[in-house]
Amino acid sequence: MYRLPLLIALVCGQSQALYGGKEIEIETAAYQVSIHERSHLACGGSILNKDYVLTVASCVDAFVENFKVRAGSKDPNANGSVHEIVQLYRQHDNEPGNDLLLLRVKPSFELDSTRRAIKLVSADYRLKANESLRVTGYGYTDGYVPSSKLRSIDTRSTLLEDCVKRYADRLQDIFPGMMCTDGSDFQSSSCSYDSGNPVTLGDGRLVAVTSSRHSCGNEAQPDVHVLVARAIKWIAIFTSASSL
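Residues numbered from 1 in each chain as written. Predicted model: local features only at pLDDT ≥ 70, side-chain atom pairs only at ≥ 80, totals over all residues. Heavy atoms only, no water.

(A) Structural view of the overall build of the chain. Helix and strand content of the chain: two helices and 16 strands. Taking all 244 residues of the chain together, the buried fraction comes to 57%. The long-range fraction of contacts in the chain, counting pairs at least 24 apart against all pairs at least 6 apart in sequence, stands at 73%. Total accessible area on the chain stands at roughly 10200 Å², and carbon and sulfur atoms take up 46% of it. (Helix = DSSP H or I, 4+ residues; strand = E, 2+ residues; numbered from the N terminus. Buried < 20%, exposed > 50% of the residue type's maximum accessible area, 1.4 Å probe, protein only. Contact = heavy atoms within 4.5 Å. Areas by Shrake-Rupley, 256 points an atom, 1.4 Å probe, with all protein chains shown as cover.)

Below you can see the structure in the form of structure tokens.
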């Protein structure tokens, strides 16, 4: 993870993966999973319940047999439990910005201190400007190499309209339902392979999912995230709200 702002949120940073930030134990973010294509890290995601993971659509393609989910481990390449992906559910309603993806896994997660379902914001939640946020993941770090351990960065929210004003000459394909983050005060940001990672509020609720737009520590670029509130009803259709 890079050390810069998260915005989309759009987030600004200085290099590629959780750039900057700090190493954390899996118990402090037990909802975090790593998603691998064959033997390589592809992106991250969040445990919703014993059978489902939430990530972004760019993370996994139709060849699900090439992908695995690892949960319950600080190390993205060892320990914990490994799960197959048996079904994809893409957020399709022809609205730009709907970029979320649900993964159904097998075997089911054994929920415990290292594998925990994340709490979601409500469907009517509205993110405020300059809210304190946390992003976790295994993406590239300051040296442009994937992190060997789970990391966390602190950042602040930037509302979409303010983000667009600031980066109007650099942004493309930014739509309602997204937001930005600014981690410049913390010298941290998202980077490569951080797509799909959870963006949480101070109380631990999932407010957004990191998109494929990362600043990697470059202050001239934002980090972009997909807001979760508008997708709550869609998520519940597949996961059953009572089990979240």
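There is more to say, and it comes next.
(B) Broad picture of unusual backbone geometry. In this structure, P107 follows K106 across a cis peptide bond, with omega equal to -5 degrees. Mapped onto the elements, P107 comes out in the loop between β9 (100–106) and β10 (132–137). Phi at N79 takes a positive value of approximately 65 degrees, unusual for a residue other than glycine. Not every positive phi belongs to a glycine, and N130 is a case in point at roughly 65 degrees.

(C) Representation of the nonpolar core. Counting 44 residues, the largest nonpolar core has I35, L54, V60, V69 and L103 as the members making the most contacts within it. Here this core gets five residues from one element, more than from any other, and that element is β9. Core analysis: the second largest hydrophobic core is formed by twelve residues, Y125, L133, M179 and L201 among them. (Core = buried A, V, L, I, M, F, W, Y, C linked by side-chain atoms within 4.5 Å.)

(D) Layout of the sheet that holds strand β7 (residues 67–71). Read around the closed barrel, six strands run β4-β5-β6-β9-β8-β7, paired in antiparallel fashion. Across the sheet, the mean angle separating the axes of adjacent strands is 40 degrees when strand polarity is ignored. Examined bridge by bridge, strand β4 (residues 32–37) and β7 share five bridges and lie antiparallel to one another. Bridging from a neighbouring strand, E37 pairs with F67 of β7. (Pairing = 2+ DSSP bridges. Axes fitted to C-alpha atoms, helices over the stretch in contact; angles between N-to-C directions.)

(E) Spotlight on the pattern of salt bridges. Across all of its chains, the model carries six salt bridges by this definition. Notably, a salt bridge pairs K68 with E84, separated by 3.9 Å at the nearest N-O pair. Here K68 is found in strand β7, whereas its partner E84 is found in strand β8 (residues 81–90), with 16 residues between them in sequence. Between D203 and R205 there is a salt bridge, and its shortest N-O distance comes to 2.8 Å. In the salt-bridge network here, residues are joined through shared partners; they are E23, E25 and K74. (Salt bridge = Lys/Arg side-chain N within 4 Å of Asp/Glu carboxyl O.)

(F) Fine view of the packing of aromatic side chains. Using the criterion set out here, one finds three aromatic pairs in the structure. Note on Y52 and Y89: the rings are 6.2 Å apart at their centroids and 40 degrees apart in plane angle, and the pair reads as tilted. Residue Y52 is found in strand β6 (residues 52–56), and its partner Y89 is found in strand β8; the two are separated by 37 residues along the sequence. Judged by centre distance (6.0 Å) and plane angle (75 degrees), the ring pair of W234 and F238 falls under edge-to-face. Here the residue W234 and the residue F238 both occupy positions in helix α2 (residues 232–239), the gap between them amounting to four residues, near one helical turn. On the basis of relative accessibility, which here comes to 15%, the residue W234 falls in the buried class. Under the relative-accessibility criterion, F238 is labelled partly exposed at 27%. The rings of Y52, Y89, W234 and F238 are connected pair by pair, giving a single aromatic cluster. (Phe/Tyr/Trp six-rings, centres within 6.5 Å; stacked < 30°, edge-to-face > 60°.)

(G) How the structure looks around the layout of surface pockets. Taken as a whole, the largest pocket encloses approximately 240 Å³ of empty space. Lining the largest pocket are 15 residues, and of these Y125, R126, L127, L227 and A229 sit closest to its centre. At the level of elements, α1 (160–166) and β12 (178–182) are the ones that each hand at least two residues to the lining of the largest pocket. Considering only residue class, the lining of the largest pocket consists of eleven nonpolar, one polar and three charged. (1 Å grid on protein atoms, 1.4 Å probe; cavity = no way out; pocket = protein on both sides within 12 Å on 5 of 7 lines; lining within 4 Å. Points joined across faces, edges and corners; volume = space filled by probe spheres on them. Nonpolar A, V, L, I, M, F, W, Y, C, P; charged D, E, K, R; others polar.)

(H) Layout of the environment of R134. The residue R134 is located in strand β10 in this model. Considered as a pair, R134 and L206 are 72 residues apart in the sequence and their alpha carbons are 9.6 Å apart. Looking at R134, its side chain comes within polar contact range of the main-chain oxygen of T28, at 2.8 Å. (Polar contact = N/O pair within 3.5 Å; in protein donor to acceptor, adjacent residues only side chain to side chain.)

(I) Region of interest: the environment of G72. Note that G72 resides in the loop between β7 and β8. Overall, G72 belongs to the buried group, its relative accessible area being 13%. Once you skip the residues sitting within four places of it in the chain, G72 turns out to touch I26, G80, T114 and R115.

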